[in-house]
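As a plain string of letters, each chain reads:
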Amino acid sequence: MIVWDVDKGVFRRANTSDYREALYILLQLIEPGYVTSYGDLAKLLGVNPRFIGYLLKTNDKPIVIPCHRVVRSNGDLGGYSLGGKEFKKKLLMLEGVVFSGERVSRDCLKSLYSLLAR
DNA sequence: ATTTGCTCAGCTC
DNA sequence: GAGCTGAGCAAAT
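Below: a short report on this structure. (Residues numbered from 1 in each chain as written. Chains lettered and ligands numbered in written order. Predicted model: local features only at pLDDT ≥ 70, side-chain atom pairs only at ≥ 80, totals over all residues. Heavy atoms only, no water.)

## Remarks on the protein's contact with DNA strand C
Link 1 in the chain: Taken together, 15 residues lie around DNA strand C, and Y38, R50, K57, S73 and S81 are the ones closest in.
Link 2 in the chain: Of all atoms in DNA strand C that approach within 4 Å of the protein, 41% are sugar or phosphate atoms.
Link 3 in the chain: The separation between a phosphate oxygen of DNA strand C and a polar main-chain atom of G39 is 3.0 Å.
Link 4 in the chain: Take S73: an N or O atom from its main chain is 2.9 Å from a phosphate oxygen of DNA strand C.
Link 5 in the chain: Where the surface near DNA strand C is concerned, the elements lending two or more residues are α2 (38-45) and α3 (49-57).
Link 6 in the chain: A total of 5 residues in the surface near DNA strand C trace back to one element, the largest contributor, which is α3.
Link 7 in the chain: The residue makeup of the surface near DNA strand C, split by class, is 5 nonpolar, 7 polar and 3 charged. (Near = heavy atom within 4 Å. Polar contact = N/O pair within 3.5 Å; in protein donor to acceptor, adjacent residues only side chain to side chain. Helix = DSSP H or I, 4+ residues; strand = E, 2+ residues; numbered from the N terminus. Nonpolar A, V, L, I, M, F, W, Y, C, P; charged D, E, K, R; others polar.)

If you want it as structure tokens, here you go:
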């Protein structure tokens, strides 16, 4: 990802903060009751899926980042540093996400592309 | 359901 | 610099 550096007036490679910023904006787009995957976000930002996990794991700037709405592409929960998977599952169920066993139902996995193409 | 190979930014030395 | 580690993925088995 390339960004415009306002201060220096040049284009430069995105740094971690830039990715974080972009990631958080994208997270805002996910409606309660739906989830997206690490890979989906990764494609959008042009980074490795594992990097998304890294971003979410490390910087939890405010506590109010909906990182619980990000799961694995196969429906598995993935991780959650605050309270573990169980807590993550509870949060999602509270928002109306449907589970089949320990996995998120396919219907609740929303592609961010469809949200952006409106 | 499980294994396999790929990936790449950040961290540690 | 070199090597290791992931809140992952997709394809093959």
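## Re the protein's contact with DNA strand B
Link 1 in the chain: Surrounding DNA strand B, one finds T16, N48, R50, F51 and Y54.
Link 2 in the chain: Among all atoms of DNA strand B positioned within 4 Å of the protein, those belonging to sugar or phosphate total 94%.
Link 3 in the chain: The side chain of T16 places a nitrogen or oxygen atom 2.3 Å from a phosphate oxygen of DNA strand B.
Link 4 in the chain: Y54 places a side-chain nitrogen or oxygen 2.6 Å from a sugar or linking oxygen of DNA strand B.

## What to know about the pattern of salt bridges
Any two side chains of opposite charge can pair, so long as their charged atoms come close to each other.
Link 1 in the chain: Inspection of every chain in the model, using the stated rule, returns 6 salt bridges.
Link 2 in the chain: D18 is the salt-bridge partner of R12, the closest N and O atoms lying 2.7 Å from each other.
Link 3 in the chain: As a salt-bridge pair, E95 and R69 come within 2.8 Å of each other at their nearest N and O atoms. Remark: R69 occurs in the loop between α3 and β4 (70-71) and E95 occurs in the loop between α4 (84-94) and β5 (99-100); sequence separation between them is 26 residues.
Link 4 in the chain: Residue R69 is classed as buried on the basis of its relative accessible area of 11%.
Link 5 in the chain: Each of the salt bridges in this network shares a partner with another, and the network as a whole consists of D5, R12 and D18. (Salt bridge = Lys/Arg side-chain N within 4 Å of Asp/Glu carboxyl O. Buried < 20%, exposed > 50% of the residue type's maximum accessible area, 1.4 Å probe, protein only.)

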